Structures are given as C-alpha cells and as structure tokens.
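Listed below are the residues making up each chain.
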Amino acid sequence: MLGIIAFIGVIIWLASHSDNAGTSTTPVYDPSKQASNFDQDAASKKPSESEPPKFSDYLSEPYDGPRASVNLVSDFDKNFRTRIRGTQSQPVNFAGEYVLSTWGCGMSCSMGVAVSSRTGRVVALPGTACCWKGEGERVIFKKNSRLLVLAGLINEGGKYGAHFYELKNDQFVHVKSIVVKEDDSGSASSAESAPRAYPSPSTSQQAPSRPTEAKPPVGQNLVLSREQIRYCLAEDIRIDGAKSAINNYIDADVDRFNTMVADYNSRCSSFQYQTNNRGRNDLNSAQRDIEPFRSQLQSEGRSRFARVSTGSLSTPAPTRANQSAAVSSIQDRATVGLESLTYDEKNAIETACILKRSEGAASYNRCVSAQLGALANAPRTPDLSLLSSDEKDAIETACILKRNEGAASYNRCLTSQLSSLANAPRKPDLSGLAYDERDAIETACILKRSEGAASYNRCLVAQLGALASAPRLPSLSGLTYDEKDAVETACILKRSEGAANYNRCVVAQLRALGR
C-alpha cells in the first residue's frame, strides 16, 4: 500500500506541474518536493520503499563542444538508424551531453535511445516502457541529470510501477523500482487504495467526447498536426483489432488487410511532431486523447471484417516459421551469388514478405524465393560509407517505400539516388551557423530531403546563398522571456522559409521594439 500511495502521489504531482517552464523535453519533475505530501506515519515506517531517487543527486556537467557524428554499431542501431540519426538535429536534453529520443513500439509503448553529442555513442534505453495507466509520462528525464524514469512495465513484463535508472559509463544501471499493484479491473490502483487527495472521477460525470482525427497525406518524416497524429494512433488500434478478425484463408480478407496496412505505413510509419518550449509535445497529447477510446477503436477495427456466425469452429491459424531462419534456409538453396546477403538486403526481403508470413510458412517461403530471384537480376547494395550521415539518411528516406517492395527495388533506388548525387553538390558545412539559422535551413529543406541527397544538398546550397545576402541572426538575450517568445512566434512562418527570411523577420521585430 505504501508503495502505491507514494508513487501515485509522485505521478499525479508530475501531471499537475507539467506546464512549468524549463529546457527539458519532459515536464519538470522533482520527486523530493512531493515527499512532504505523503502519509507521514506510513513514510516513517518504510522511507526507503516510498521515497523516489532525486534528479539532483545525479547531476551532470553540461557539454557545449562540437557535435560528433552518430556511431551506428549494433543491429539495433542499424534497424533504427533513421530515427537515431535524427537526434543530430536535436538539442541536448539529457545527462548534460546526450540527446534522448523515444518513439512508439505499439500503443501505450515507448522505446528509444540516448546519443552522446560528445562521442556519437548510441545507448539503447534499458527496455521498452509500456502499459502505464496512471497520470504522467512513461519516460521521464531532465537535461542536467543522469537519472531516467520509466513508468509501467519494462519489456512488457516484471514489476509494474516506476523504474529508476542511472546512465553510467554509457549504460543504464538500475537504481530501484517502486511497485504499484494493479487491481482486477486493470487500473493502476483502485479507488479505495488511492490517496483521498486524488479522488476518482464521479461515475455520473459525462463521458468525454471522441476527439477529431484527420488523415495525414502520404509521405515520410512530415510534421503532422495533433489531429493527424490522432488518426495514426487510432488507425493503429483499429488495424490491431482488424488483424484479430480476418480469415487468413480468404484472399479477399488478406488483400483488404494488406491494403489497409500499406496505406497506414505510407502515411504514419515515420513522422515528426511539434514540441513547445515547455517540453509538451503533440504526440503525448494525442496519446492521452486517444487512449480512453481504445476498446471502441478495436471494436471498429474488428467490424471491418465482421461476418454472420455460422456456428462452426474457426479454422486454426497456420504455424508461423521463424523469419530469419526461413530466409537463411531458402538462401542456402538460392542461385549462385546470393549466399551472403547484406544486412539491408535481408531486412528488405523480410519486410516485403512480412504480410505473407501471416498466411503461413508456405506463402512466406514462396515470397522469399521470389524476392531472391528478383535480386539476382538487380544491382547489389551500393556502398554508402563515403556519404555524410545526412546524405545517407536522405537517400534511405527517399527509398523507404521501395524498401517495402524488397531488396531488388530498394537497391535500384539506392543506385539511382547515388547517380543523381554524383551530379549534385555535396552537403555544405553548416557548423558555422547559429543553431536557429541551421534549424531554419533544415526545416526549409525538409521536403527536399525526402526526395534524396541530391535535392536536399541543392536546397541547402540555395539557402546558404540566400543567407549570404541577408543579415545574420541578432541576439535576443536582452529581451524578456515574453518579448522573445512573441518575436519568435511572429516569425515562425518565416522560419519555415529558411534562415534568410527568418533573420530579416527577427531584425524587423527588434526594430519595431526600438532595439
């Protein structure tokens, strides 16, 4: 009971103070301040169980030196290389020198990495954080502290509660866990066990209205609105519900489901979202909006394949073969020259055949064989090691949809992108620019980046040419917080056009202030 009361108090305190100003990408959070609100008699009996570690006990020295390139070493790093490389354009937000970035691994699930801006070392979080049903975020951290908090279950198992880790020597070391027992209904705690200071909502309270959704356009790494993110989260739940209702032996069902998944992937497989200057972001807000309607959304997904029951037993699902083992087995029998696929080729083939895998080993094996046959008549994976990380990322982003078609299509796309890059300028050096100037240029070129390195580099060169004849970004250090915020808000649209227009706008705003 003590652990439940203490941790619920911490999490609810976190939620109520999430709008405090700060530089962290998460709400400002100091567990020690909440300790005084706990039951004093209970806390005096077992203080070690109820008191969370303090961020202030794990302070880090800030690093402001040059930014190192990301160092992708493990298979995990390579699997998520696009997201990991994206940290290079983000500011330090954890442990003094790291950029901590998270992404979804399913509904109510987060995973991520911390990337050192000093060394480029990638450190995976200690596990996925899922299934947290209380208030507050699943992943909590601060810019100047080595302490990381994951709420819920780690890797979908073990103890449910708050799990505290210290980043030490480029690895996360477990500090302690505060356990919260789930009641029979699946909530974090029952109304009887929750502190009276935080009563459960009245049962007579009107149910919340369904939040609006907006289908995003087809594309990768687009900045989606909150309504568009809601669609992606809700559609993911609907697809999960639909998956449980389809009959794998009916071709029409499989084709419809494949079409749904392909459409979802084309819009929602990789996107960006806005984060305000207080660390609140549209993704977390959208998750809170959608989660109360999970059961309803799953039901909607199942209804897409609903049928009138005939009273007969359902056909058992076919046994699924191990994916990597299947590729290796078929590869052994493949034509000469395909004995040793590259990592990317193997991954592309498995991705292209992932839906066939749901039909059983026979369909999956036929798909892999067909993919290997197509690869025999296509170029092999070209060497991208001499490219900058941004050029490599732009090329891989431009070819991401082709990757879903298999290794042959993906390799042809990569080869074509390299050919285009040979006739284009190389990526210019942006290190001499101010952070806001560099960010404005990269924002202006974000759509060109999705077309590949050649288009992206040309856009960067054009932006630098425009900046050469524009004023440099003036300092806003002499303004109050509200004045600075007003100037930046007034120029936010100009910022999306690039550094030249953004700088001109800021200069004009300062003149209007008489500065």
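Residues numbered from 1 in each chain as written. Predicted model: local features only at pLDDT ≥ 70, side-chain atom pairs only at ≥ 80, totals over all residues. Heavy atoms only, no water.

On to the overall build of the protein chain. Regarding its fold elements, the protein chain presents 23 helices and ten strands. The buried share of the protein chain, taken over its 515 residues, is 44%. Within the protein chain, residue pairs in contact and separated by at least 24 positions form 64% of the contacts whose partners lie at least 6 positions apart. Accessible surface, the protein chain as shown: approximately 25800 Å² in total, 50% of it carbon and sulfur. (Helix = DSSP H or I, 4+ residues; strand = E, 2+ residues; numbered from the N terminus. Buried < 20%, exposed > 50% of the residue type's maximum accessible area, 1.4 Å probe, protein only. Contact = heavy atoms within 4.5 Å. Areas by Shrake-Rupley, 256 points an atom, 1.4 Å probe, with all protein chains shown as cover.)

Moving on to the pairing of strand β6 (residues 147-154). Of all the eight residues making up β6, eight are buried; the element is thus mostly covered by neighbouring parts of the structure. Of the strand pairs in this sheet, strand β4 (residues 129-130) and β6 are connected by two bridges, and their pairing is antiparallel. Opposite A129, over in β6, you have I154 as the bridge partner. Pairing of strand β5 (residues 139-141) with β6 involves three bridges; the strand directions are antiparallel. In the strand pairing of β6, V139 is matched with L150. Between β5 and β6, which pair antiparallel and follow one another directly, the connecting turn spans five residues. (Pairing = 2+ DSSP bridges.)

Packing of helix α18 (residues 435-444) against helix α23 (residues 499-512) leaves a shortest axis separation of 8 Å and a crossing angle of 130°. If you check the angle between α18 and α23, you find them oblique. The residues of α23 that touch α18, namely those facing D436, E437, A440 and I441, are A499, Y502 and N503. Grouping the amino acids of the contact of α18 with α23 by side-chain chemistry returns four nonpolar, one polar and two charged. (Axes fitted to C-alpha atoms, helices over the stretch in contact; angles between N-to-C directions. Parallel < 35°, antiparallel > 145°, perpendicular 65-115°, else oblique. Nonpolar A, V, L, I, M, F, W, Y, C, P; charged D, E, K, R; others polar.)

In a disulfide, the sulfur atoms of two cysteines are covalently bonded to one another. Enumeration according to the criterion identifies six disulfides in this entry. Here C491 engages in a disulfide with C505; their sulfurs sit 2.1 Å apart. As the torsion about the S-S bond is roughly -85°, the C491-C505 disulfide counts as left-handed. Residue C491 is located in the loop between α21 (481-490) and α22 (492-495), and its partner C505 is located in helix α23; the two are separated by 14 residues in the primary sequence. C505 matches C491 in its accessibility class, with the two residues each being buried. (Disulfide = S-S within 2.5 Å.)

The biggest cluster of nonpolar side chains holds 23 residues, and the ones touching the most others in it are I229, C232 and F257. Top contributing element to this core by residue count: helix α7 (residues 226-243), with eight residues. With near-sequence residues (within four places) excluded, C232 lies in contact with P216, L224, Y264, R267, C268 and F271. A95, Y98, L125 and Y165 belong to the second largest nonpolar core, which has 16 residues in total. (Core = buried A, V, L, I, M, F, W, Y, C linked by side-chain atoms within 4.5 Å.)

Averaged over every residue, the pLDDT of the protein chain is 76; the share at 70 or more is 76%. No element of the protein chain has a lower mean pLDDT than helix α2 (residues 31-34), which averages 35, and none a higher one than strand β3 (residues 122-124), which averages 94. Scored below 50 in pLDDT, residues 1-47 shows 91 contacts in the model against residues more than four places distant or in partner chains. (pLDDT = per-residue confidence, 0-100.)

Two numbers describe how helix α12 (residues 343-352) lies on helix α17 (residues 407-422): the axes approach to 8 Å, and their chain directions differ by 130°. Relative to α17, α12 is oriented oblique. Every residue of α17 that contacts α12 at D344, E345, A348 and I349 is listed here: A407, Y410 and N411. Residue composition of the contact of α12 with α17, by class: four nonpolar, one polar and two charged.

Positive phi values are uncommon outside glycine, yet N169 reaches one of about 55°. With respect to the secondary-structure elements, N169 resides in the loop between β7 (157-168) and β8 (171-179). Backbone geometry places D170, a non-glycine residue, at a positive phi of 60°. Mapped onto the fold, D170 is located in the loop between β7 and β8. In this structure D170 comes out as partly exposed when scored by relative accessible area, which is 22%.

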